[in-house]
Amino acid sequence: MPLPPATPTAGWSSRASSSATRRNACASRWWPSGSSPCSAAAAKDAYEGLFSVAQRSRVGFVELGNTYAQIARATDGLGLSSANSLRIVETLGKAITISGVSAGSASAAMIQLSQGLSSGTLRGEELNSILEQTPRVARAIADGLGVSIGQLRTMGSEGKLTAEAVSGALLKASATIDKEFGSVATTVSQAMTVMGNA
């Protein structure tokens, strides 16, 4: 029997509104240089937005936050809104969940993607990790780019899977991923991840 969706604990609101939590959300490691949302209200909104995405997607909050930071840094200057950045990482998180991998594999996939984007392009070991550990993420990127998995590998080897290309592909695939995600039952591992986030 599917487990009910987990929700943030009652203590979350007080933690999210604390000055320490707001400072964490404003930390430079999560934002492009010079673009940290350093007002208390903006930091609180950003932190809570990422937390909500992690809970809905059933993936680790810290890993998702780091991936968000890498996407934000890599696409700095492209005019990508905070809402679109959150949408991208939510699509990524849901695609990882659809792949049915363990929490460890989900974390590894987000780390590999973050490393690839931080280097400028997704290729080599990072791309192979995504292809092998989270196939639904790879297919979402391929579908968003209008190519096959084989062509995606070729694009990676040619250095064409830039942060802009990957981000745009995930945005295009978001509606399809949302629909698929709606029929995926919560596993015990995912429920534990959600509880751990809280």
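Residues numbered from 1 in each chain as written. Predicted model: local features only at pLDDT ≥ 70, side-chain atom pairs only at ≥ 80, totals over all residues. Heavy atoms only, no water.

This next bit is on the pattern of salt bridges. For the coordinates displayed, the defined rule picks out six salt bridges. In this structure, the salt-bridge partner of Glu90 is Lys94, at a minimum N-O distance of 3.0 Å. Here Glu90 pairs with Lys94, and both are found in helix H5 (residues 82-98), just four residues apart, close to one helical turn. By relative accessible area, Glu90 is classed as buried at 8%. Among the residues examined, Lys94 registers a relative accessible area of 9% and is labelled buried. Between Arg136 and Glu180 there is a salt bridge, and its shortest N-O distance comes to 2.6 Å. One end of the pair, Arg136, is in helix H8 (residues 135-145); the other, Glu180, is in helix H10 (residues 163-181), and 44 residues separate them in sequence. Accessibility expressed as a relative area gives 25% for Glu180, which makes it partly exposed. (Salt bridge = Lys/Arg side-chain N within 4 Å of Asp/Glu carboxyl O. Helix = DSSP H or I, 4+ residues; strand = E, 2+ residues; numbered from the N terminus. Buried < 20%, exposed > 50% of the residue type's maximum accessible area, 1.4 Å probe, protein only.)

Over its 14 residues, helix H4 (residues 61-74) runs 20 Å from end to end, which matches the ideal 20 Å to within 8%, given 1.5 Å per residue. When we look at burial in H4, the residues that qualify are Phe61, Leu64, Gly65, Thr67, Tyr68, Ala69, Ile71 and Ala72. (Expected span 1.5 Å × (residues − 1).)

Next up on the list: helix H7 (residues 124-133). Turning to H7, its buried residues are Glu126, Leu127, Ser129, Ile130 and Leu131. Looking at the buried positions of H7, the neighbouring elements they touch are helix H6 (103-118), H8 and helix H9 (149-157). (Contact = heavy atoms within 4.5 Å.)

Here the focus is the packing of H7 against H9. H9 packs onto H7 with a crossing angle of 165 degrees between their chain directions and a minimal axis gap of 10 Å. When the axes of H7 and H9 are compared, the pair comes out roughly antiparallel. As H7 runs across H9, the sense of the crossing is right-handed. From H7, Leu127, Asn128 and Leu131 reach across to H9, where they touch Ile149, Leu152, Arg153 and Gly156. Looking at the contact of H7 with H9, its residues break down into four nonpolar, two polar and one charged. (Axes fitted to C-alpha atoms, helices over the stretch in contact; angles between N-to-C directions. Parallel < 35°, antiparallel > 145°, perpendicular 65-115°, else oblique. Left-handed = near helix turned anticlockwise from the far one by under 90°. Nonpolar A, V, L, I, M, F, W, Y, C, P; charged D, E, K, R; others polar.)

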